Amino acid sequence: MPSTHDWINNPLGVVEGMFAASQNNPNSGWEVKVVEFFRDQLKEKDTHSLVPSLNDVPLHYLKPNSLVKFRCFIQDMFDPEFYMGVYEAADPSTKAKMLRCGKYKDVTECVVDFNSRNAVTAERQTFYCVPIPGENPWVKESYAGASQARVLPSTSYVPSRQKRSYEEDDDMDTQPQKQRDSHASSHSPTEQHGNGDCKRQETEAPSSQTASASHLDLNFPLPGEKGPSCLLKVYEDWDSYKLNDTLEVYGILSVSPALSALADEKDASSSFLDPADCMETAEEQRVHSPPASLVPRLHMLYAKPLTHNHPLLPSAPREDNNAFLSSTLSEMASVRAELLTYFTHVLLGDALAAEYLILHLISNVYSRRDVLPLGKFTLNLSGCPTVASYTERLYQIIQQLVPSSHYLGMSLQNMNQMQLVPKKDYVANRLVSGALQLARNTSLFLDETQLEQGQLDTTGVRNVTALGNLISWQKVDYDFNYHQMEFPCNINVLVTSEGRSLLPSDCRIHLQPQVAPTHLEEYLSSIHMHPQTSSQLNKFRIYLSVARQLDYSISDEVTKSVEDDFVDMRKDDPQSITAEDLHRMLVVARLLSLSLGQTSLSRDGWLRAKHIEMQRRSRMEQHKCVNSNEP
């Protein structure tokens, strides 16, 4: 059996060894055995941490044809492609013909006999994958810090010079000293320990690719995103993957310069052909065959769907982590109390708004009934101060607590110019991403305090409609020119506004600051968590994610009690509470129970939910009386 070093550094050696052994036994099922071998190796304790990651190691530090992993998001799915699964080639020294395996490769290393009757053509699927959109810096740093992979600058793949960093130059000042030190000594032959020590860099394509690299659009859903993208080659069960899935992929890295040379040849030859004879347009070739130095190919050996991208939670299924879950549940009530105190401080002394912010952050679409998504809890936090960049600071605090998030300032310019909805480009045969193409459980922060007077144009109206559909139905209608295609999603939306939001919401609470406006700037500067409180932050991060994943049930007894309560409340004044109000109370009761680590609704839990809902409604009535012109 190959050693760990061998199957990570030379996975193709393992594949070719199993292929060669199968020649004497055609029914050996060698392809299944290859996948099982790598899956079994990666299931061994901590073995996965020895595999270098594309997310945090520069491409030029990774050995071509070695095993790497990539935490990614399926942004687009290309058409299937044919490749030579088995081909016949002559041995350079003996000239004897022998069968070779073409699986998990892009380029053969010898002259192929295309007329051989022994050649086998096979099919594979290609996905265009990008890093998880909106993944927050603390998540990236935590994953990189846990890596035990050892990498050296590759000697077989050396770019002529480094082009531009994934992080902007001005980020260098904020890099930890450890990263800068390792950067300075990157020419040293000593081994680098821990992928986090390398500043991720994009590398320049070889000379012929420089021009194409300069205008290559990596098609990230969110503006300003950095990181690698890759073409993922999938050989088995590709129908089990869907657009917008998040995966951790283990595969063989292919960055052969020959791929770009082939693409250039293809591009040049197509200019002499009749367009009717050419199956791909030049634009499609450019998108589907980008330089391998910028968009490497990754041949999938094994992939696991990510139910979350939280580095502090176990990656194994929940039933395998009962010890972790029970210890977390036992602390949930105390951690919740600490988080409530912190959020009360953040929300300018408003404890009721802090309650609702916790409920919002642990909400999750757990099921769908026909078109209705169950469990969503979009919160409109109105009455937000417009001074001292309050809403932006609030987002930065939430960003420190959730794995993935995105801030969208709803200025008139953004609404009229941004592309929120993904759109199919039929010329390039690709899906052009939009800012609403997000992974499940992403926190979307909509800042309506940025909205000023003016006219929304056609794009602006379309964008506001898309946001409304996302909030109401948890779906985004992708634009395929001649029709729209509905893609369900699970995105937590928080809307901050001065008055009532122009967008729909499941719950609105008006902020009642206990801080005088004159002291706001000074007060806000004291809010930020300091580095020494990272253990406290980690407790909050684990708490929010675990509460979101808990199961929940209501007993028949409590259901009957709730029904009786609803009838009693409507007795005196049928207009005082509607079916919609009852639905909201049940959602609040569910989230309140989960926030305390309780997986079923108790009578006390229901009464508490009723109490805070009555407080919120009373506040909204008072606010409406004071601001009678507000709808």
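Residues numbered from 1 in each chain as written. Predicted model: local features only at pLDDT ≥ 70, side-chain atom pairs only at ≥ 80, totals over all residues. Heavy atoms only, no water.

So the rule is basically this: UniProt positions are given in the numbering used here, feature names are shortened, and annotations may be inferred rather than shown by experiment.
The name given to the chain in an unreviewed UniProt entry is Mini-chromosome maintenance complex-binding protein, and the organism recorded there is Parambassis ranga. The record held by UniProt for the chain lists under Subcellular location (unreviewed entry) the comment "Nucleus".

## Observations concerning the side chain of T496
The condition is simple: Strands here are runs of E lasting at least two residues and helices are runs of H or I lasting at least four, both read from the DSSP assignment and numbered beginning at the N terminus. The cut-offs for exposure are 20% and 50% of the maximum accessible area for each residue type, with area from a 1.4 Å probe on protein chains only; residues under the lower value are buried, those over the upper are exposed, and the others partly exposed. Polar contact criterion, stated in full: a pair of N or O atoms within 3.5 Å, where within protein one must be able to donate a hydrogen and the other to accept it, and residues adjacent in sequence count only if both atoms are side-chain atoms. In this description, contact between two residues means that some pair of their heavy atoms is separated by no more than 4.5 Å.
Note on placement: T496 falls in strand β21 (residues 492–496). Relative accessible area serves as the criterion here: at 0%, T496 is assigned to the buried category. Polar contacts involving the side chain of T496 include one to the side chain of D447, which spans 3.3 Å. When near neighbours in sequence (up to four residues on either side) are disregarded, T496 contacts L381, C384, T391, L394, F445, L446, D447, E448 and T449.

## Some details on the pattern of salt bridges
Spelled out, the test is: Salt bridge, as applied in this entry: a Lys or Arg side-chain nitrogen positioned within 4 Å of an Asp or Glu carboxyl oxygen.
If you walk through the whole model with that rule in mind, you get 27 salt bridges. As a salt-bridge pair, K304 and E248 come within 3.5 Å of each other at their nearest N and O atoms. You can see K304 sitting in strand β11 (residues 297–305) and its partner E248 sitting in strand β10 (residues 246–254), a full 56 residues away along the chain. In the salt-bridge network here, residues are joined through shared partners; they are D581, R584, E613, R616 and R617.

## Observations concerning empty space enclosed by the protein
Condition: For each structure, a 1 Å grid was placed over the protein atoms alone; sets of points admitting a 1.4 Å probe that cannot get out are labelled cavities, open sets with protein on both sides within 12 Å along at least five of seven lines are labelled pockets, and lining residues have an atom within 4 Å of a point. Grid points are joined across faces, edges and corners, and a volume is the space filled by probe spheres set on the points. Residues are grouped as follows: nonpolar covers Ala, Val, Leu, Ile, Met, Phe, Trp, Tyr, Cys and Pro; charged covers Asp, Glu, Lys and Arg; every other residue, Gly included, is treated as polar.
With the rule as written, the count across this model stands at eight cavities of 30 Å³ or more. Quantified by volume, the largest cavity comes out at close to 230 Å³. H308, N309, P403, N441 and R548 are the residues nearest the centre of the largest cavity, which is lined by 18 residues in total. With four residues, the top contributor of residues to the lining of the largest cavity is helix α15 (residues 534–549). Partitioned by chemical class, the residues of the lining of the largest cavity number seven nonpolar, nine polar and two charged. The volume enclosed by the second largest cavity comes to roughly 100 Å³. Around the second largest cavity, the lining is made up of 13 residues, and of these Y128, D217, N219, V287 and R430 lie nearest the centre. Of all elements in the fold, only β1 (67–77) and α8 (282–288) reach the threshold of two or more residues within the lining of the second largest cavity. In terms of residue class, the lining of the second largest cavity is made up of seven nonpolar, two polar and four charged.

## Quick look at unusual backbone geometry
Backbone geometry at N65 places phi at a positive 65°, although glycine is not the residue there. Mapped onto the fold, N65 is located in the loop between α3 (30–43) and β1. What makes N65 partly exposed here is its relative accessible area of 34%.

## Some remarks on the packing of helix α9 (residues 322–346) against helix α10 (residues 351–361)
Applicable threshold: Between N-to-C directions, angles span 0 to 180 degrees; the directions come from axes that are lines fitted to C-alpha atoms, helices contributing only their stretch in contact. Angular relationships are summarised with four words: roughly parallel below 35 degrees, roughly antiparallel beyond 145, roughly perpendicular across 65 to 115, and oblique for the angles in between. In this scheme, a crossing is called left-handed if the near helix is turned counterclockwise away from the far one by less than a right angle; it is called right-handed if the turn is clockwise.
Running from N to C, α9 and α10 cross one another at 120°; their axes reach a closest spacing of 8 Å. As the angle between them shows, α9 and α10 are arranged oblique. Relative to α10, α9 is oriented so that their crossing is right-handed. Listed contacts from α10 to R336, L339, L340, F343 and T344 of α9 are A351, A354, E355, L357, I358, L359 and L361. When the residues that make up the contact of α9 with α10 are grouped by side-chain class, the tally is nine nonpolar, one polar and two charged.

## Looking at helix α2 (residues 11–22)
For the record, the criterion: Here a helix's expected span is defined as the number of its residues, less one, multiplied by 1.5 Å. In this context, the arc is that of the directions from the helix axis out to the C-beta atoms.
With twelve residues, α2 should cover 16 Å at 1.5 Å per step; its first-to-last C-alpha distance of 17 Å lies within 8% of that length. Every buried residue belonging to α2 is among P11, L12, V14, V15, F19 and S22, and all of these are buried. When α2 is viewed along its axis, its buried side chains cluster within an angular range of 160° and face the same direction.

## A few points about the packing of aromatic side chains
Just so we agree on the cut-off: Any two rings among Phe, Tyr and Trp, with Trp reduced to its six-membered ring, count as a pair given centres within 6.5 Å; such a pair is stacked if its planes are under 30 degrees apart, edge-to-face if over 60, and tilted if neither.
Under the definition given, this model contains 16 aromatic pairs. With 6.2 Å between their ring centres and 80° between their planes, W7 and F38 make a pair best called edge-to-face. Taken together, the residues W7 in helix α1 (residues 4–9) and F38 in helix α3 connect sequence positions 31 residues apart. A centroid spacing of 4.1 Å and a plane angle of 25° characterise the contact between Y478 and F487, whose relative ring orientation is stacked. Summarising the burial analysis for this pair, Y478 and F487 share the class buried. A connected cluster of aromatic rings, assembled from ring pairs, spans W7, F37 and F38.

## Quick notes on the sheet that holds strand β18 (residues 443–447)
Applied cut-off: Here, any two strands with at least 2 DSSP bridges between them count as paired.
The five strands are arranged β15-β18-β21-β14-β22 in an open sheet whose pairing can be described as parallel. Only two strands of the sheet have a single partner each, and these edge strands are β15 (405–409) and β22 (507–510). This sheet shows a mean twist of 15° between the axes of neighbouring strands, independent of strand direction. The pairing of β18 with β21 spans five bridges and is parallel. What sits directly across from F445, in β21, is L494. Sitting on the sheet, helix α13 (residues 458–473) is in contact with β15, β18 and β21, with an inclination near 135° to β18.

## Some remarks on the packing of α2 against α3
Following both chains from N to C, one finds α2 and α3 inclined at 145°, their axes separated by 9 Å at the closest point. Between α2 and α3 the crossing geometry is right-handed. Contacts from P11, V14, V15, M18, F19 and S22 in α2 reach W30, K33, V34, F37 and F38 in α3.

## Remarks on the confidence of the model for the chain
The following threshold applies: Per residue, pLDDT measures the predictor's confidence, with a range of 0 to 100.
On average, residues of the chain score 84 in pLDDT, and 83% of them reach the 70 mark or higher. Counting interchain partners and residues more than four positions distant, the pLDDT-below-50 stretch residues 156–214 has 108 contacts.

## Structural notes on the nonpolar core
As a rule of thumb, soluble globular proteins bury nonpolar side chains together. Heads up, the condition is: Grouping buried Ala, Val, Leu, Ile, Met, Phe, Trp, Tyr and Cys residues that are joined through side-chain atoms within 4.5 Å yields what is termed a nonpolar core. What counts as a domain boundary in this text is fixed by an automatic or database domain assignment.
Core analysis: the biggest nonpolar cluster contains 67 residues, and F343, L347 and Y356 have the highest contact counts within it. Split by domain, the residues of this core number at least three in each of domain 2 (319–535) and domain 3 (550–630). Non-local contacts of F343, meaning those with residues more than four positions away in its chain, are made with A354, L357, I358, L361 and L401. Judged by nonpolar contacts, the second largest core, of 52 residues, contains L62, M418, L438 and V464.

## A short note on α10
Across the eleven residues that make up α10, a large majority, ten, are buried. Among the residues making up α10, those that are buried are L352, A353, A354, E355, Y356, L357, I358, L359, H360 and L361. In this structure D350 caps α10, since a side-chain oxygen of it lies 3.2 Å from the backbone nitrogen of L352.

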